[in-house]
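Given next are the chains, with one letter for each unit.
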Amino acid sequence: MKLIQSIEEMQNLPSLNTPRVLVPTMGALHKGHSELIKKAREIASDKGIVIVSVFANPTQFDRQQDFDSYPKSLEKDLTVCETAGADFVFHPAANEMYHEERSISVNESALSRSLCGATRPGHFDGVCIVCTKFFNITKASHAVFGQKDFQQLAIIRRLVRDLNIAIKIIGAETVREPSGLAMSSRNLNLTSKNKEYAPSLFLSLNMAKQENAYGVNDSQTLKALVSNHLHSLPVEVKIDYLEIVDVETLAPVKNTQDNPSVIAIAAFFGDVRLIDNLPLS
Ligand code: PAF
């Protein structure tokens, strides 16, 4: 496996090896990322190449303090990448990625307004610009994103559609701890009591999914089921959002029979904000 830090070197990789599969990350890699890289390896097979980008993207942080405190662990990340089957790790410096006089931006004006975007103005524009750059720099034929960040995935699909970028976007299934809790570097910040009850996020979404499969299609009823369950726990859970939305447009859905829908939640366990989602039938 090779570490590449310069854009020029990355752009000049011989284009013979296809498929060329990219896994964009911000580093601090955990088992969830390692599964994304393994998925990329499967798609690339032994003929193609797997590139993992490790770049804490400053333009997607709305608070400088969050950017400064974002965990950095390059040595460990390189081991995770190599073990999971990456061929190249692209790790540019911020001033290599962003010209100091840059004046072009990418603005998403619909899908990024709700859910996680409602409280993070500009975040998804930052994600869009950095991913556009990665797609151009790596000349990837495929890119793998986790379904856990399903709003991000929907926005990336929209980016590729609207800007006619020749790349196939693959959504990889959410990796979960045995308890059902979606893997996230934030899980480490949960207190032991909150960690005990945090899997209820997934369990409650599953309850809604099951009711939906039994024929309950009204979104209000399904959402009430989830929020009642979470509010009955012996720990305090603050729901940031709980929505049933169209998988492609992210518009709220009143009746799940009308659109292919997904139920999505963000909730605070203590001061740790966790997200999860499940597609409904
Ligand atoms: O999901 C992430 O880690 C980031 O948003 C991404 C896609 C790597 C862009 O910086």
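Residues numbered from 1 in each chain as written. Predicted model: local features only at pLDDT ≥ 70, side-chain atom pairs only at ≥ 80, totals over all residues. Heavy atoms only, no water.

Moving on: the site of the ligand. The full set of residues close to the ligand is P24, T25, M26, N57, Q60, V127, V130, F145 and Q152. One of the side-chain nitrogen or oxygen atoms of Q60 is found 2.6 Å away from an oxygen atom of the ligand. With respect to the ligand, the side chain of Q152 contributes an N or O atom lying 2.7 Å from an oxygen atom. Burial of the ligand by the surrounding chains reaches 88%, relative to a free accessible area of 290 Å². At the level of secondary structure, the elements contributing two or more residues to the shell around the ligand comprise β2 (20–25) and α7 (123–138). (Near = heavy atom within 4 Å. Polar contact = N/O pair within 3.5 Å; in protein donor to acceptor, adjacent residues only side chain to side chain. Areas by Shrake-Rupley, 256 points an atom, 1.4 Å probe, with all protein chains shown as cover. Helix = DSSP H or I, 4+ residues; strand = E, 2+ residues; numbered from the N terminus.)

Here we come to the environment of E9. Here E9 is to be found in helix α1 (residues 7–11). Judged by its relative accessible area of 33%, E9 is partly exposed. In the structure, E9 is positioned 81 residues away from F90 in sequence and 9.8 Å away in space, judged by C-alpha atoms. Once residues lying within four places of it in the same chain are set aside, the contact partners of E9 are K2 and I4. A polar side-chain atom of E9 sits 2.4 Å from a polar atom in the side chain of K2. (Buried < 20%, exposed > 50% of the residue type's maximum accessible area, 1.4 Å probe, protein only. Contact = heavy atoms within 4.5 Å.)

Our focus in this paragraph is the side chain of D276. Structurally, D276 can be placed in strand β9 (residues 272–279). If sequence neighbours within four positions are ignored, D276 has contacts with R176, A182, L201, F202, L205, I263, A264 and I265.

This next bit is on the packing of aromatic side chains. Under the criterion given, the structure shown has six aromatic pairs. Ring centres of F61 and Y70 lie 5.6 Å apart, and the angle between their planes is 75°; this geometry places the pair in the edge-to-face category. Relative to F145, the ring of F135 lies with its centre 6.5 Å away and its plane at 90°, an arrangement referred to as edge-to-face. Of the two residues, F135 sits in helix α7 while F145 sits in strand β5 (residues 142–146), which places them ten residues apart along the sequence. Assessed through its relative accessible area of 4%, F135 is described here as buried. For F145, a relative accessible area of 4% gives the class buried. A cation over a ring is seen here: K72 above F67, with NZ or CZ 5.5 Å from the ring centre. (Phe/Tyr/Trp six-rings, centres within 6.5 Å; stacked < 30°, edge-to-face > 60°. Lys NZ or Arg CZ within 6 Å of the ring centre and 35° of its normal.)

Read across the open sheet, the six strands follow the order β1-β4-β3-β2-β5-β6; overall the sheet is parallel. The sheet is open, and its two borders are formed by β1 (2–4) and β6 (168–172), each paired with just one other strand. For this sheet the average axis-to-axis angle between neighbouring strands, irrespective of direction, equals 25°. Packed onto the sheet, helix α4 (residues 74–84) meets β1, β3 (49–54) and β4 (88–90) and runs at close to 160° relative to β3. (Pairing = 2+ DSSP bridges. Axes fitted to C-alpha atoms, helices over the stretch in contact; angles between N-to-C directions.)

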